[in-house]
Amino acid sequence: MTLLNDLPRPGSARLAVRVTPDALRRIRGGHPWLFDGSITTVNGSSVPTTSATAPGTAGDLAVIFDDERRFAAIGLWDPASPIRVKLLHHGSPTTIDAAWFAERLATAVGRRRPLAESATGPAPTTGYRLVHGENDALPGLVVDRYGHVLVVKLYSAAWVPHLADVVPALLRLVPSRSVVLRLARALSEQPLHGLAEGTTLHGSDVDAPVPFLEHGLHFEADVLRGQKTGFFLDQRDNRALVGAASSGARVLDVFSCTGGFSVHAAAGGARSVLSVDSSPAATLAARANMQLNTDIAAVAACRHSVTVGEAFGVLEDLGSQRGRFDVVVVDPPSFARNAVSVPRALQAYQRLAELAAPLVERGGLLVHASCSARVSEADFVRAIHTGSARASIELDEERRTGHPLDHPIGFPEGGYLKVLYSRPHRITRRP
Ligand code: SAH
């Protein structure tokens, strides 16, 4: 904890911020973001909106006032980001201090009680998200729990001066052996007072993959180098559904990453599982995660193979070899990082459906996921139908799913995960 205490503390001065009428309306409606372009004055002076010249220090408290100088909201100032203030609270004035952070964190952790309580049930889960940023009213802060290890992931340097309040409060709520820091890519260029990717914020250094359970199955997360914080926790419920549909099945898991769907399919009785991902490290982890569960007879009996490769090409090859599977899962990375890339993302979803649907055996299950926040569920589902139709395949929709309990949706931009379950069949043209 010495390190935490060495970090700069927020200054006592507050930035007084005035904003456009539109922005004020959004803030009063509870939106967590204030963009630089919506700020009219800071401490009474008009301000240049570009990041390079913005006043203040990351993590300063910024108070938004209305035209009558009444308090509207308070948040964290981030001079390096176009989302200049991450709003913490709106309505009546409040003091943001250690007690305030502790209370917000307690609310977030309390929401996950059903997951925490699963630890004493028949299918324990010990890997889940404790804090989901904006959606838990803590914009830019993510905390994931993997068994005895917490991973704090920052999407804004504004959290650095508040870590000395946040980390001890988290540890009181969820006593843990270690707390590890991960940083979003945007922070890699910013001065963070000695903090870096992988810094240990509390306890012993983590020097090996961290074991945890998901629905009673064993996994390990590389919390220092793995994608996100080491595991894609948001697909937990979908993995259970795929597991339940996999008895006796030949399963294809495309974009398998560390094998979440693959292991659940094997435990659900899959005859064989083929995991496909372009990341050699992720596929090695998928193999290792499968191995961790071979005490389960179904996993030991399942034929597991791995292909390291580019998914579109691998799907084309499987198609030309007339490969057939009873369950196909397609869970690609986000294809649309900004509004401009949405049309290209939709084309990619179409192409994946065109390639994957023909691989599904008659009566089999096709599971298509999208984690692109900018692609709506309606557009995504349409793309999957359009792509399949190009391969002369119609999809009977069976189910649509979204976010699990530990990934709540707290504001309009917060929803991103959508999953379509369907049964493909050939379009038969009447003579
Ligand atoms: N299904 C996974 C999560 C998938 S995340 C789970 O349940 O954990 C997306 C994955 O796609 C990442 O592992 C990334 O390595 C992989 N990936 C990205 N682009 C790819 C491509 N073109 N071909 C194959 N894999 C790709």
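Up top you'll find the structure we're talking about.
As the structure is a prediction and not an experimental result, all values here were calculated from the model.

Observations concerning the overall build of the protein
Looking only at helices and strands, the protein has 12 helices and 21 strands in total. Computed over its C-alpha atoms, the radius of gyration of the protein comes to 23 Å, within 12% of the 22 Å expected for a compact globule of 431 residues. With the C-alpha coordinates aligned to their principal axes, the bounding extent of the protein is approximately 75 × 55 × 35 Å. The buried share among the 431 residues of the protein stands at 54%. Long-range contacts, defined here as pairs at least 24 residues apart, represent 65% of the contacts in the protein between residues at least 6 apart. Accessible surface, the protein: about 18,800 Å² in total, of which carbon and sulfur atoms supply 52%. Between the averaged position of the 45 positive side-chain charges in the protein and that of its 42 negative side-chain charges there is a distance of 4 Å.

Structural notes on the pattern of salt bridges
Under the counting rule described, the total for this entry stands at 24 salt bridges. With its nearest N and O atoms 3.1 Å apart, the salt bridge here joins Arg9 to Asp165. Taken as a pair, Arg9 in the loop between α1 (2-6) and β1 (15-19) and Asp165 in helix α5 (residues 163-173) lie far apart in primary sequence, 156 residues in all. Judged by relative accessible area, Arg9 falls into the partly exposed class, the value being 44%.

Structural notes on the packing of helix α3 (residues 98-111) against α5
Where α3 contacts α5, the two axes come as close as 9 Å, and the packing angle between them is 45 degrees. One finds that α3 runs oblique with respect to α5. Classified by chirality, the crossing of α5 by α3 is right-handed. Where α3 approaches α5, its residues Ala98, Phe101, Ala102, Leu105, Ala106 and Val109 are matched on the opposing element by Asp165, Val166, Ala169, Leu170, Arg172 and Leu173.

Let's talk about the layout of surface pockets
Its boundaries defined by the atoms lining it, the second largest pocket holds a volume of some 370 Å³. Taken together, 22 residues line the second largest pocket, and the ones lying closest to its centre are Asp222, Gly226, Thr258, Ala281 and Ala285. Within the residue set of the lining of the second largest pocket, elements represented by two or more residues are β14 (217-221) and α8 (280-291). If you tally residues by element for the lining of the second largest pocket, the top one is α8, at six residues. Within the lining of the second largest pocket, the residues separate by chemical class into 12 nonpolar, six polar and four charged.

Comments concerning the nonpolar core
Counting residues in hydrophobic clusters, the biggest one holds 43 residues, and the most contacted among them are Leu141, Val152, Leu154 and Trp159. Mapped by element, the contributors of at least two residues to this core are β5 (61-65), β6 (71-77), α3, β8 (127-132), β9 (141-146), β10 (149-154), α5 and β11 (178-183). Looking at which element gives the most residues to this core, the answer is α5, with six residues. With residues near it in sequence (within four places) discarded, Val152 still touches Leu141, Val142, Val143, Leu163, Leu170, Val179, Val180, Leu181, Arg182 and Leu201. Counting residues in each nonpolar core, the second largest holds 36 residues, with Leu274, Ala345, Val360 and Leu395 among its members.

As for helix α6 (residues 236-244)
Three or more residues of α6 are buried, namely Arg236, Asn238, Arg239, Val242 and Gly243. Viewed end-on, α6 has its buried residues packed into an arc of 160 degrees, placing them on one side of the element.

Here we look at helix α12 (residues 377-390)
With 14 residues, α12 extends 20 Å between its outermost C-alpha atoms, agreeing within 8% with the 20 Å of an ideal straight helix rising 1.5 Å per residue. If you follow the buried residues of α12, they end up packed against α11 (342-356), β19 (360-370), β20 (393-401) and β21 (418-426). Of the residues flanking the end of α12, it is Ser392, one or two places downstream, whose phi is positive at about 60 degrees.

Side note on the site of the ligand
By nearness alone, 15 residues border the ligand, and Arg239, Phe255, Asp277, Ala311 and Asp331 come closest of all. Between the ligand and the protein, one listed contact pairs an oxygen atom with a side-chain N or O atom of Arg239 at 2.9 Å. One of the side-chain nitrogen or oxygen atoms of Asp331 is found 2.8 Å away from a nitrogen atom of the ligand. Protein contact buries 88% of the 580 Å² of open area that the ligand shows by itself. Among the residues making up the shell around the ligand, the classes are represented as six nonpolar, five polar and four charged.

Quick word on the side chain of His264
Assignment of secondary structure puts His264 in helix α7 (residues 260-267). A distance of 3.0 Å separates a polar side-chain atom of His264 from the backbone oxygen of Gly260.

Considering the sheet that holds β19
The sheet built from seven strands is open, its strands ordered β17-β16-β15-β18-β19-β21-β20 with mixed pairing. This sheet does not close on itself; its edge strands, each paired only once, are β17 (303-308) and β20. With strand direction ignored, the average angle separating the axes of adjacent strands in the sheet is 15 degrees. When β19 meets β21, the two strands line up antiparallel, connected through five bridges. For Ser370, the partnering residue across the bridge sits in β21 and is Lys418. Against the sheet, α6 engages β18 (325-330), β19, β20 and β21, with an angle of about 30 degrees to β21. Packed on one face of the sheet, helix α10 (residues 311-320) meets β15 (250-254), β16 (272-277), β17 and β18 and runs near 150 degrees to β15.

The rules behind each value
- Residues numbered from 1 in each chain as written.
- Predicted model: local features only at pLDDT ≥ 70, side-chain atom pairs only at ≥ 80, totals over all residues.
- Heavy atoms only, no water.
- Helix = DSSP H or I, 4+ residues; strand = E, 2+ residues; numbered from the N terminus.
- Rg over C-alpha atoms; globule rule 2.2 N^0.38 Å.
- Buried < 20%, exposed > 50% of the residue type's maximum accessible area, 1.4 Å probe, protein only.
- Contact = heavy atoms within 4.5 Å.
- Areas by Shrake-Rupley, 256 points an atom, 1.4 Å probe, with all protein chains shown as cover.
- Lys, Arg positive; Asp, Glu negative; His and termini not counted.
- Charge placed at Lys NZ, Arg CZ, Asp CG, Glu CD.
- Salt bridge = Lys/Arg side-chain N within 4 Å of Asp/Glu carboxyl O.
- Axes fitted to C-alpha atoms, helices over the stretch in contact; angles between N-to-C directions.
- Parallel < 35°, antiparallel > 145°, perpendicular 65-115°, else oblique.
- Left-handed = near helix turned anticlockwise from the far one by under 90°.
- 1 Å grid on protein atoms, 1.4 Å probe; cavity = no way out; pocket = protein on both sides within 12 Å on 5 of 7 lines; lining within 4 Å.
- Points joined across faces, edges and corners; volume = space filled by probe spheres on them.
- Nonpolar A, V, L, I, M, F, W, Y, C, P; charged D, E, K, R; others polar.
- Core = buried A, V, L, I, M, F, W, Y, C linked by side-chain atoms within 4.5 Å.
- Arc of directions from axis to C-beta.
- Expected span 1.5 Å × (residues − 1).
- Near = heavy atom within 4 Å.
- Polar contact = N/O pair within 3.5 Å; in protein donor to acceptor, adjacent residues only side chain to side chain.
- Pairing = 2+ DSSP bridges.

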